[in-house]
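Spelled out, the chains give:
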Amino acid sequence: MTSDLPARMLRLLSLLQTRREWSGAELAGRLGVTGRTVRRDIDRLRELGYPVEGTTGHAGGYRLASGTAMPPLLLGDDEAIATAVALRTAAGHLTGMEETALRALVKLEHVLPARLRTQVAALHQTTVAIDWENRGPRIDPELLALLAVACRDHEMIAFDYTPRGAPGAAPRRVEPHHLVSSGGTWYLLAHDTGKDDWRIYRLDRITAPTPLRHRFTPRPVPGDDPAAYVADKIATAPVRHRAVATVHAPAETVRRRAWGALAARIRPLDESTCTVDCSGNHLPGIAQYLAALDADYTLDADPEVTAYLRDTADRLRSAATPQTDVDHASS
């Protein structure tokens, strides 16, 4: 019916925005109309300026392509709230995005229904983020977006990569699978075609990314859990300073208190004891990991680690000692 046309057109546009490609039969089934009606509605969207492309292959299909301007996004309630919160909380981790994210947030909140605007305002007013000094390197949003699209579309990508301690960058050609964020640092999980093996790459060490316009069939990630795989690789990577604590508490108890990549470094010894590998490249970070254990432990560590911990403990003890006690001790 003609009266159903506006609602159906909005529904069609919403469907085209949620997936890269739809077959005509799938769209017809979702909308409850015939394939001929879908084709007419697609033509109407094109007349309104939406760049809907027809795709070839078995039975053909449709996708919303890039145009000269971004079409209006149709968001559900949950999607709108999630987008508003993400714009406010994530901008600080992306180089040069603070002002742009805030402009987008203003536009979004301006058109939110009153019921959603109230919920978003409550979230902003009652949540805060801890801005750790070592929260991780800031990432170029264009690089993040480019890699995200390559992961989604299963498109091979080439880039230059500088490993830690290497004198310069080396070319890589990979099948990108997932982006993983840990402790403020972003990683790309990919299958390196040159090494024929899985690798993780820190985004702040990637330069000159180039999509290769070549699709690949995704391989199964080892263990079927990208986040767990990356966490395990981070935990077992070579580090400059060794520090392993034997903690007098159950592994599950320590794991609940752990933060960042530390949770993947916990190994149970028995029901009441576990080891925690706090090794790392930065002595202050090792000290933070140990302080977060919140339990008694013995430490097996390199001499430079124990020396740093003693100096840190002396400074803390001095800061915690009342000045009157210091005066009495020196008199």
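Before reading further, recall that the structure is shown in the block above.
Residues numbered from 1 in each chain as written. Predicted model: local features only at pLDDT ≥ 70, side-chain atom pairs only at ≥ 80, totals over all residues. Heavy atoms only, no water.

A. Broad picture of the overall build of the chain. Across its full length, the chain holds 12 helices and 12 strands. Within the chain, the fraction of its 331 residues that count as buried is 32%. Looking at the chain alone, contacts between residues at least 24 apart form 59% of all its contacts between residues at least 6 apart. (Helix = DSSP H or I, 4+ residues; strand = E, 2+ residues; numbered from the N terminus. Buried < 20%, exposed > 50% of the residue type's maximum accessible area, 1.4 Å probe, protein only. Contact = heavy atoms within 4.5 Å.)

B. Main features of the state of the cysteines. In this structure the tally under the stated criterion is 0 disulfides. Cysteine 274 provides the cysteine sulfur closest to cysteine 278, a residue in no disulfide bond, and the two sulfurs are 9.9 Å apart. According to the relative accessible area criterion, cysteine 278 is buried, its value standing at 0%. (Disulfide = S-S within 2.5 Å.)

C. Molecular detail of unusual backbone geometry. Despite not being glycine, histidine 154 shows a phi value in the positive range, around 55°. Mapped onto the secondary structure, histidine 154 falls in the loop between helix H7 (141–153) and strand E4 (155–161). On the basis of relative accessible area, histidine 154 is assigned to the partly exposed category, the value being 32%. Despite not being glycine, aspartate 196 has its phi angle at roughly 50°, a positive value.

D. Up close: the pattern of salt bridges. Inspection of every chain in the model, using the stated rule, returns 13 salt bridges. Linking arginine 63 and glutamate 53 is a salt bridge whose minimum nitrogen-to-oxygen distance equals 3.1 Å. Residue arginine 63 is located in strand E3 (residues 61–64), and its partner glutamate 53 is located in strand E2 (residues 52–55); the two are separated by 10 residues in the primary sequence. A relative accessible area of 35% means that glutamate 53 is categorised as partly exposed. Where glutamate 175 meets arginine 219, a salt bridge forms, and the shortest distance between an N and an O atom there is 2.9 Å. Of this pair, glutamate 175 sits in strand E5 (residues 170–182) while arginine 219 sits in the loop between strand E8 (206–215) and helix H8 (226–236), and the two are 44 residues apart along the sequence. By relative accessible area, glutamate 175 is classed as buried at 8%. Arginine 219 sits in the partly exposed class, given a relative accessible area of 35%. Residues joined in a network through salt bridges with shared partners are Arg8, Asp41 and Arg44. (Salt bridge = Lys/Arg side-chain N within 4 Å of Asp/Glu carboxyl O.)

E. Local environment of the packing of aromatic side chains. Here the structure, examined in full by the defined rule, presents 3 aromatic pairs. A ring pair is formed by phenylalanine 159 and tyrosine 201, whose centres lie 5.2 Å apart and whose planes are at 80°; its orientation type is edge-to-face. Of this pair, phenylalanine 159 sits in strand E4 while tyrosine 201 sits in strand E7 (residues 197–202), placing them 42 residues apart in sequence. A single burial state applies to phenylalanine 159 and to tyrosine 201, both of which are buried. One aromatic cluster is present, built from ring pairs that chain together Phe159, Tyr161 and Tyr201. (Phe/Tyr/Trp six-rings, centres within 6.5 Å; stacked < 30°, edge-to-face > 60°.)

F. Structural context of the nonpolar core. Among the nonpolar cores identified, the biggest contains 18 residues, and Val247, Val254, Cys274, Val276, Cys278, Ile286 and Leu293 are the most heavily contacted of them. The element best represented in this core is helix H10 (residues 283–291), accounting for 4 residues. In this view, valine 276 contacts Ala243, Val244, Ala245, Val247, Val254, Leu262, Arg265, Ile266 and Leu293; residues no more than four positions away in its chain are not counted. (Core = buried A, V, L, I, M, F, W, Y, C linked by side-chain atoms within 4.5 Å.)

G. Spatial organisation of the sheet that holds E5. Taken in spatial order, the 5 strands of this open sheet run E7-E6-E5-E4-E8, and their pairing is antiparallel. One side of each edge strand has no neighbouring strand; the edge strands of this open sheet are E7 and E8. Strand-to-strand twist of the sheet, defined as the mean angle between neighbouring strand axes without regard to direction, takes the value 45°. Alignment of E5 against strand E6 (residues 185–192), held across 8 bridges, turns out to be antiparallel. (Pairing = 2+ DSSP bridges. Axes fitted to C-alpha atoms, helices over the stretch in contact; angles between N-to-C directions.)

H. Spatial organisation of the side chain of glutamate 175. Within the local environment of glutamate 175, its side chain forms a polar contact with the side chain of arginine 219, the two groups lying 2.9 Å apart. With residues up to four places along the chain from it excluded, the contact list for glutamate 175 reads Met156, Ala190, His191, Thr193, Phe216 and Arg219. (Polar contact = N/O pair within 3.5 Å; in protein donor to acceptor, adjacent residues only side chain to side chain.)

I. Inspection of H10 at higher detail. Turning to H10, its buried residues number three or more, namely Leu283, Ile286, Ala287, Tyr289 and Leu290. Along the axis of H10, the buried residues cluster in a sector spanning 160°; they form a single face. If you follow the buried residues of H10, they end up packed against strand E9 (243–247), strand E12 (297–301) and helix H11 (303–320). (Arc of directions from axis to C-beta.)

J. View of H8. When we look at burial in H8, the residues that qualify are Pro226, Tyr229, Val230, Ile234 and Ala235. Buried-residue contacts for H8 involve E5, E6 and E7. Where H8 begins, the capping side chain belongs to aspartate 225, and its oxygen is found 3.3 Å from the backbone nitrogen of alanine 227.

K. Structural context of the pairing of E7. Note that E6 and E7 share 6 bridges and pair antiparallel. By the bridge assignment, alanine 190 is partnered in E7 with arginine 199. What sits between the antiparallel neighbours E6 and E7 is a turn of 4 residues, in which aspartate 196 has the positive phi angle 50°.

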